[in-house]
Amino acid sequence: MSFIPSRVLFEENTLNYELGRNMLEYFKEKGIEHSFLASHNRVTGIPGNTPQKAYAEGKKTLVVGVRRTLEFSPCKPSAHYQLPIATSCTGKCEYCYLNTQLGAKPYIRVYVNTDEILERAQRYIEERDEVTIFEASATSDPVPVEPFTGSLAKAITFFGKQPRGKLRFVTKFTSIESLLGLEHNGNTTVRFSINADNIIRKYEHQTPSLDERVEAISKIHMSGYPIGFIIAPVFIYSGWEKDYDDMLNRIKNQLAETGRSEISFEVISHRFTKRAKSSILNIFPQTDLPMDEGKRKFKFGQFGYGKYIYPKETLKKINDFFSERIGNLFPEAEIKYII
Ligand code: SF4
């Protein structure tokens, strides 16, 4: 599934960079609408006069910019720093964690000054005595725009040469051909976000199917990258065990061909905050996501807001099921957590 934007908005100074000039040529050749932005902070020219249209048009818009601040945000607890190569994503998952973080028009922004960003990463690595881990997907899924930017490939090659620097990213997408065969030296971990097939079809609009994702991760695995699966969000409904069992078996069958076993799993049950519920209902008024507060347990979160999680007995069922099934099918895999 490749992403073709409906419009591309360039910051003027992107043309000072080879990648900016190449991208302009590329989109001109393809006949894709493009224009220039007067200011980095004011992205204008995206239509949409209802929340749904604004969201849809934002998701079809690519903004090409220069990353100005080269101070990286922290990324606790899974990494030390965010690696800023893109923001937003071309997918339209109803429960996307970015829905409450991006504006009404969640356009995709990429940066052309990758070399400067990686030079800054180098300095962060040198400032510390221990291994420094960077997360490339804290504010985006960077894979769908990779065919235009090549930024991930550049970052992977950069980290491949770092004795004390590691990279990780997570994706639901499959544009990974250019990442195969890179000299990553095991320093980049690729994690795939997956779910039961029917959940993907129902809620993860404009993302690849389960089979497409599993095929992509098997190629990544075959290329020697450490890999991981984030199974999230897990839903409980009639027949959930069968569907998740089927998902795990599809992975098992595909990965068996690679003959490798370096795999990790993270399992996250469905949860929502009041704020996320209201933003989801704004964009997807017809959603049938289970968000009935009365059927959930309220839990205070570490960032000062509470979330609605499944009751304790249900969480135990999820824990028992995934521990048992992953343990049987992937005895050498690491289960990082089931929450
Ligand atoms: Fe959000 Fe990930 Fe879905 Fe993109 S693929 S819309 S980042 S949940």
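Residues numbered from 1 in each chain as written. Predicted model: local features only at pLDDT ≥ 70, side-chain atom pairs only at ≥ 80, totals over all residues. Heavy atoms only, no water.

### Digging into the sheet that holds strand E1 (residues 7–11)
Here is step 1 of the chain: An order of E2-E1-E3-E7-E5 is seen for the five strands of this open sheet, with the pairing classed as mixed. Whereas interior strands pair on both sides, the edge strands pair on one side only; in this sheet they are strand E2 (33–37) and strand E5 (86–87).
Here is step 2 of the chain: Taken together, the two bridges between E5 and strand E7 (residues 108–111) define a ladder with antiparallel strand orientation. Residue pairing in the sheet places alanine 86 in a bridge with valine 110 of E7. (Pairing = 2+ DSSP bridges. Helix = DSSP H or I, 4+ residues; strand = E, 2+ residues; numbered from the N terminus.)

### Structural notes on helix H8 (residues 240–256)
Here is step 1 of the chain: An ideal rise of 1.5 Å per residue puts 24 Å on 17 residues; H8 measures up with 24 Å between its terminal C-alpha atoms.
Here is step 2 of the chain: Within H8 the residues assigned to the buried category are Trp240, Tyr244, Met247, Leu248, Ile251 and Leu255. Take H8 and look down its axis: the buried residues cluster within an arc of 90°, on one side only. Exposed residues pointing more than 90 degrees away from the buried face of H8 are listed as Lys242, Asn253 and Ala256. (Expected span 1.5 Å × (residues − 1). Buried < 20%, exposed > 50% of the residue type's maximum accessible area, 1.4 Å probe, protein only. Arc of directions from axis to C-beta.)

### Considerations on the packing of helix H3 (residues 114–127) against helix H5 (residues 151–160)
Here is step 1 of the chain: Look at H3 against H5: their axes get within 11 Å of each other, and the N-to-C directions meet at 30°. In this view, H3 runs roughly parallel relative to H5, as classed from their interaxial angle. By crossing handedness, the relation of H3 to H5 is classed as right-handed. Together, Thr114, Asp115, Leu118, Ala121, Gln122 and Ile125 of H3 and Ser151, Lys154, Ala155, Phe158 and Phe159 of H5 make up the contact between the two elements.
Here is step 2 of the chain: Considering only residue class, the contact of H3 with H5 consists of six nonpolar, three polar and two charged. (Axes fitted to C-alpha atoms, helices over the stretch in contact; angles between N-to-C directions. Parallel < 35°, antiparallel > 145°, perpendicular 65-115°, else oblique. Left-handed = near helix turned anticlockwise from the far one by under 90°. Contact = heavy atoms within 4.5 Å. Nonpolar A, V, L, I, M, F, W, Y, C, P; charged D, E, K, R; others polar.)

### Details of the site of the ligand
Here is step 1 of the chain: Surveying the vicinity of the ligand reveals the residues Lys59, Cys89, Gly91, Lys92, Cys93, Cys96, Tyr97, Leu98, Lys172 and Phe173.
Here is step 2 of the chain: A breakdown of the residues in the shell around the ligand according to their chemical character gives six nonpolar, one polar and three charged. (Near = heavy atom within 4 Å.)

### Section: the sheet that holds strand E12 (residues 227–234)
Here is step 1 of the chain: Spatial ordering of the open sheet is given by E4-E8-E9-E10-E12-E13-E16, a layout of seven strands whose pairing is parallel. Edge strands, defined here as strands with exactly one partner in the open sheet, are strand E4 (81–82) and strand E16 (334–338).
Here is step 2 of the chain: Alignment of strand E13 (residues 263–269) against E16, held across four bridges, turns out to be parallel. Its bridge partner being in E16, serine 264 is matched across the sheet by glutamate 334.
Here is step 3 of the chain: Packing against the sheet, helix H7 (residues 210–222) makes contact with strand E10 (188–194), E12 and E13, and its axis sits at approximately 165° to E10.

### Section: the pattern of salt bridges
Here is step 1 of the chain: What the rule picks out here adds up to 24 salt bridges.
Here is step 2 of the chain: Across the pair glutamate 57 and arginine 7 runs a salt bridge, and its minimum N-O distance is 2.7 Å. Taken together, the positions of glutamate 57 in helix H2 (residues 51–58) and arginine 7 in strand E1 put the pair 50 residues apart, joining distant regions of the chain. Each member of the pair, glutamate 57 as well as arginine 7, is classed as buried.
Here is step 3 of the chain: A salt bridge links glutamate 266 to arginine 191; its shortest N-O distance comes to 3.1 Å. With glutamate 266 in strand E13 and arginine 191 in strand E10, the pair connects residues that are 75 residues apart, well separated along the chain.
Here is step 4 of the chain: By relative accessible area, glutamate 266 is classed as buried at 4%.
Here is step 5 of the chain: One network of salt bridges, in which partners are shared, links Asp197, Arg201, Asp211, Asp246 and Arg250. (Salt bridge = Lys/Arg side-chain N within 4 Å of Asp/Glu carboxyl O.)

### Side note on helix H1 (residues 18–29)
Here is step 1 of the chain: The terminal C-alpha atoms of H1 lie 17 Å apart, and with 12 residues this matches the ideal 16 Å at 1.5 Å per residue to within 8%.
Here is step 2 of the chain: Every buried residue of H1 is listed here: Leu19, Gly20, Met23, Leu24 and Phe27. For H1, the angular spread of buried residues about the axis comes to 135°, placing them on one side. For H1, the exposed residues set more than 90 degrees away from the buried face come down to Glu18 and Glu29.
Here is step 3 of the chain: Residues of H1 that are buried make contact with E1, E2, strand E3 (61–65), E7, H3 and helix H4 (146–149).
Here is step 4 of the chain: Backbone geometry just downstream of H1 places glycine 31 in the positive-phi region, at approximately 70°.

### Side note on the side chain of threonine 149
Here is step 1 of the chain: Summarising the element assignment, threonine 149 is placed in helix H4.
Here is step 2 of the chain: Its relative accessible area of 12% is what places threonine 149 among the buried residues.
Here is step 3 of the chain: Beyond its immediate sequence surroundings of up to four residues, threonine 149 is in contact with Leu19, Met23 and Val110.

### Examining the nonpolar core
A general tendency of soluble globular proteins is for nonpolar side chains to be buried together.
Here is step 1 of the chain: In terms of nonpolar packing, the biggest core is built from 73 residues, with Leu83, Phe134, Phe229, Ile231, Tyr244, Leu248 and Phe322 touching the most fellow members.
Here is step 2 of the chain: Excluding its chain neighbours within four sequence positions, the residues that come into contact with phenylalanine 322 are Ile231, Val234, Trp240, Tyr244, Leu248, Val267, Gly327, Ile335 and Ile338.
Here is step 3 of the chain: Ranked by size, the runner-up nonpolar core spans 17 residues in total, among them Phe27, Ile32, Val64 and Val145. (Core = buried A, V, L, I, M, F, W, Y, C linked by side-chain atoms within 4.5 Å.)

### Here we look at the environment of proline 142
Here is step 1 of the chain: Tracing the backbone through its elements, the reader meets proline 142 in the loop between strand E8 (132–135) and H4.
Here is step 2 of the chain: Counting along the chain gives 80 residues from proline 142 to methionine 222, while the straight-line C-alpha distance between them is 21 Å.
Here is step 3 of the chain: Not counting residues up to four positions away in its chain, the partners in contact with proline 142 are Ile85, Ala136, Ser137, Leu152, Phe169 and Val170.

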